[in-house]
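Inside the fold
Letter by letter, the chains look like this.
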Amino acid sequence: MTVTFQLNGERCRFHEDPMTPLLDVLRREKFLTGAKAVCREGFCGACTVHVDGEPMMSCLKPVGLVSGCSVTTIEGLSSGDQALHPLQAAFEAADVVQCGMCFPGMVMSLSAFVRDNPEATRPQIKTAMAGNICRCTGYERIIDAVADYLAVQKAGSQAKEAAHV
Amino acid sequence: MDMQDGPERIFESAATVAEAVAARASGAAVLAGGTWTMRDPRRGVTLPERIVALSKIAELQSIEVFDDRISIGASVTHSLLAGAVSEIVGLEGLAAAATGAANPAIRRVATVGGNLCATEFAAADLVPALLALDAEVELALADGPRLLPLSEFLKARAALLKTALLTRVIVRRDVIASAHIRLPLRKAGDYPVAIVSVARSSDGTVRVAVGSVEPVARRWTALEAALGGKVATAEEAQALAEKTNDFIGRDGIETEGWYRREVLPALVRRAFAALRKGGAA
Ligand SMILES: Cc1cc2nc3c(=O)[nH]c(=O)nc-3n(C[C@@H](O)[C@@H](O)[C@H](O)COP(=O)(O)OP(=O)(O)OC[C@H]3O[C@@H](n4cnc5c(N)ncnc54)[C@H](O)[C@@H]3O)c2cc1C
Ligand code: FES
Ligand code: FES
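In this report, the structure presented in the accompanying data block is examined.

When helices and strands are tallied, chain A shows six helices and five strands. Shown N-terminal to C-terminal, the secondary structure of chain A runs as helices and strands in the order β-β-α-β-β-β-α-α-α-α-α. Compactness check: chain A gives a C-alpha radius of gyration of 17 Å against a globular reference of 15 Å for 165 residues, within 12% of the reference. Along the longest, intermediate and shortest principal axes, the C-alpha atoms of chain A span 55 × 40 × 30 Å. By the burial criterion, 48% of the 165 residues in chain A qualify as buried. Here the contacts in chain A between residues at least 6 apart in sequence split such that 55% fall between residues at least 24 apart. Accessible surface for chain A amounts to roughly 7900 Å². Of this, 51% is attributable to carbon and sulfur atoms.

Counting its regular elements, chain B contains eleven helices and 13 strands. Here the C-alpha radius of gyration of chain B, 19 Å, is about what a compact globule of 281 residues would show, namely 19 Å. Along the first, second and third principal axes, the C-alpha atoms of chain B reach 60 × 45 × 30 Å. Burial analysis of chain B (281 residues in total) assigns 56% to the buried set. Residue pairs at least 24 apart in sequence account for 61% of intrachain contacts in chain B once pairs closer than 6 positions are excluded. Side-chain charges in chain B split into 33 positive and 33 negative, and the spacing between the mean points of these groups amounts to 5 Å.

Before going further, it helps to spend a moment on the pattern of salt bridges. Residue and element names in this part refer to chain B. Within this structure, the stated rule accounts for 25 salt bridges over all chains. Here Arg 219 makes a salt bridge to Asp 134, at a shortest N to O gap of 3.9 Å. You can see Arg 219 sitting in strand E13 (residues 218–219) and its partner Asp 134 sitting in the loop between helix H6 (126–132) and strand E7 (136–141), a full 85 residues away along the chain. Look at Arg 219 and you get partly exposed, because its relative accessible area is 23%. Close ionic contact of Glu 138 with Arg 168 constitutes a salt bridge, the shortest N to O distance being 3.1 Å. Linking Glu 138 in strand E7 with Arg 168 in strand E9 (residues 165–172), this pair joins segments that are 30 residues apart in sequence. Just as Glu 138 is buried, Arg 168 falls in that class too.

Counting across every chain of the model gives six aromatic pairs over all chains. Both rings, one in Phe 43 of chain A and one in Tyr 191 of chain B, keep their centres 6.2 Å apart while their planes meet at 65°; by these two values the pair is edge-to-face. Placement of Phe 43 of chain A in the loop between helix H1 (22–29) and strand E3 (48–51) and of Tyr 191 of chain B in the loop between strand E10 (175–184) and strand E11 (192–201) is noted, with the two residues assigned to different chains. When the centroid spacing of 5.5 Å and the interplanar angle of 85° are considered together, the rings of Phe 91 of chain A and Phe 103 of chain A count as edge-to-face. Within this pair, whereas Phe 91 of chain A is found in helix H3 (residues 86–93), its partner Phe 103 of chain A is found in helix H4 (residues 103–116), the two being separated by twelve residues in sequence. Classification of Phe 91 of chain A by relative accessible area gives buried; the value is 2%. Accessibility expressed as a relative area gives 7% for Phe 103 of chain A, which makes it buried. Put simply, the rings of Phe 43 of chain A together with Trp 36, Phe 121 and Tyr 191 of chain B pair up and form one aromatic cluster.

So, about the packing of H3 of chain A against helix H6 (residues 140–164) of chain A. Helix-helix packing is characterised by the crossing angle of the two axes and by the distance between the axes. Residue and element names in this part refer to chain A. Interaxial distance between H3 and H6 falls to 10 Å at its minimum, and their mutual angle equals 125°. On the basis of the axis angle, H3 is oblique to H6. At the point where H3 passes H6, the crossing takes the right-handed sense. On H6, the residues that touch Pro 86, Leu 87, Ala 90 and Phe 91 of H3 are Ile 142, Ala 145, Val 146 and Tyr 149. Across the contact of H3 with H6, the residue classes break down as eight nonpolar, no polar and no charged.

Let us now look at the sheet that holds strand E5 (residues 63–65) of chain B. Within a sheet, adjacent strands bond to each other through the backbone by hydrogen bonds, running parallel or antiparallel. Residues and elements named next belong to chain B. One open sheet holds the five strands; their spatial order is E5-E6-E9-E7-E8, and the pairing between them is antiparallel. Each edge of the open sheet carries a strand with a single partner, namely E5 and strand E8 (144–149). Averaged over all neighbouring strand pairs, the angle between strand axes comes to 20°, with direction disregarded. Two elements, E5 and strand E6 (residues 69–73), share three bridges in a ladder whose sense is antiparallel. Note that in E6 the partner of Ile 63 across the bridge is Ile 72. Sitting on the sheet, helix H7 (residues 150–160) is in contact with E7, E8 and E9, with an inclination near 130° to E8.

What counts as what
Residues numbered from 1 in each chain as written. Chains lettered and ligands numbered in written order. Predicted model: local features only at pLDDT ≥ 70, side-chain atom pairs only at ≥ 80, totals over all residues. Heavy atoms only, no water. Helix = DSSP H or I, 4+ residues; strand = E, 2+ residues; numbered from the N terminus. Rg over C-alpha atoms; globule rule 2.2 N^0.38 Å. Buried < 20%, exposed > 50% of the residue type's maximum accessible area, 1.4 Å probe, protein only. Contact = heavy atoms within 4.5 Å. Areas by Shrake-Rupley, 256 points an atom, 1.4 Å probe, with all protein chains shown as cover. Lys, Arg positive; Asp, Glu negative; His and termini not counted. Charge placed at Lys NZ, Arg CZ, Asp CG, Glu CD. Salt bridge = Lys/Arg side-chain N within 4 Å of Asp/Glu carboxyl O. Phe/Tyr/Trp six-rings, centres within 6.5 Å; stacked < 30°, edge-to-face > 60°. Axes fitted to C-alpha atoms, helices over the stretch in contact; angles between N-to-C directions. Parallel < 35°, antiparallel > 145°, perpendicular 65-115°, else oblique. Left-handed = near helix turned anticlockwise from the far one by under 90°. Nonpolar A, V, L, I, M, F, W, Y, C, P; charged D, E, K, R; others polar. Pairing = 2+ DSSP bridges.

Pasting the structure below:
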C-alpha cells in the first residue's frame, strides 16, 4: 500500500506497512529526528507533531491514517534559514531548555495551544502540558515563558488596535 | 473503497458504514483513533492482519443534539465530545469524563467507539459515565442495525464485536444532574484506579456506575437499591456505599485490587457532593 501525505509542505510517499507509526516513518525513512521516540505509549509527548494543524502523538498514529493529511514536524515549524517560531524564540530568550529531549514535542503542543488560546490562564497552560513530560526543568520556567509570551502578544495586538483608531 | 495490500497486512479505509460492515464480515478488525490498538505490540498482542479504518466515514463523526436525546457518532473524539456536551445541563458527568481522560493530544484522537469497544480495557472513563446515563448503543451488523442498552452490550461485547461495528451512542436527556469522579494516582495522563459516575433523572432515580475496579465497568445496583430514590447527602451515600460494597477489585500495575474497592465509598461521597451542586466533578 502507498500512503501519500504532505510532510512539512512537500509531498511524501510511504510504500510499506500502513500500521507503521508515523514517528518511525519520520525518523527512519525521512531522517527527521526532531520528534523523539521515548515512551511510545502516548504518555510523554516527545513525539508530538501537527496533523492538519493539531498536535498529536506520532508514536500512536498509524501512517495509514494520515493519508491525505498535512503533517508538520518541529523541522517544518521553522527551517534553519527562517526566523524561529515566536514561541521557540521566547523559549530560547528565557533560557528554559535544559537537555532538550522533551522540547520538540513541547513546542509542537504549546505552539498550537497559544494559537488557539490567546487568553489562557496559568492553570490552563498547565493542563495543556499534561501530555508533555519533562524530566529536567520542573516545568515552572516553561509555564512562565508561555505566560510571558501570551502577555507580550496581547500587548502587541492591543497596541495595533489602538494605532488603528 | 480504497483497498491496498501491504506486505503483511490489508488496510482498507471504508467510506460508508456498509463498506465497514462488509469488511468486518471478511475478517477485518476496526481501527478508529488507534490510541489503544497501536499499543497492542507493547501488550504482547500482534496487530491485526486485516484492518478497516473508520476515519473517512463522515456519518460516524457527528453529534446531534435533540430535545429528548443526543446521538454521538462512534468516531467522535473525546475533545469533540467535551466541546459538544459541556454546556448541556445533566451531562456534566459525561463532559468531565471526556475532559478528564488521558492528555490533550490523546483526547484529540481517541474516539468514543474505541473507548467502548476496547474489551480488555478496564479503566475506560466513558463507559461508567454512559452507564450512569443509561445510554444505548447502536450496532451495525450484516443483517442490519441493532439498538441495545450499554449494560447489555458490555455483557456480550466480545462476541458481538467479532462482526459488529458500533455506530453511535444514544443518551436520553431526562437526567438533571450527573457527576464523574475519577481517581488517578498522578494527575498527568495516568489511568484512573477507580471511577464512580452518578446521575439523577427528573423522576428522582439515581444511577451509580463504577469503572476500573473490576475488569468491566458495571452499575452499582446494590447501592442504587439502598438509596431507593431518596435524595441522600454525600455522607449518607458514603455510609450506604460502605454497606453495599460488593466489588472485587482487580490487581494491576497501578495498584492492588483491595485499594480500588476500598476507595469507592470516598468517591461516592465526592460524587454525591458534586451532584448536589448540580453535577460535574
Ligand atoms: C497516554 C494515554 C492515556 C490514556 N488515558 C485514558 C484515560 O484516562 N481514560 C480512558 O478512558 N482512556 C484512556 N486511554 C485509552 C484510550 O486509548 C481509549 O480511551 C480510547 O478511547 C480508544 O479509542 P481509539 O479511537 O484510539 O481506539 P482504537 O485503538 O482505534 O480501537 C480500540 C478498540 O476498539 C475497537 N473499535 C474502535 N472503534 C470501534 C467501533 N466503532 N466499532 C467496533 N469496534 C471498534 C478496535 O477494533 C479496538 O479493538 C489512554 C490512552 C493513552 C495512550
Ligand atoms: S513517544 Fe509518543 S508519547 Fe511518548
Ligand atoms: S529539558 Fe530535559 S526533558 Fe525537558
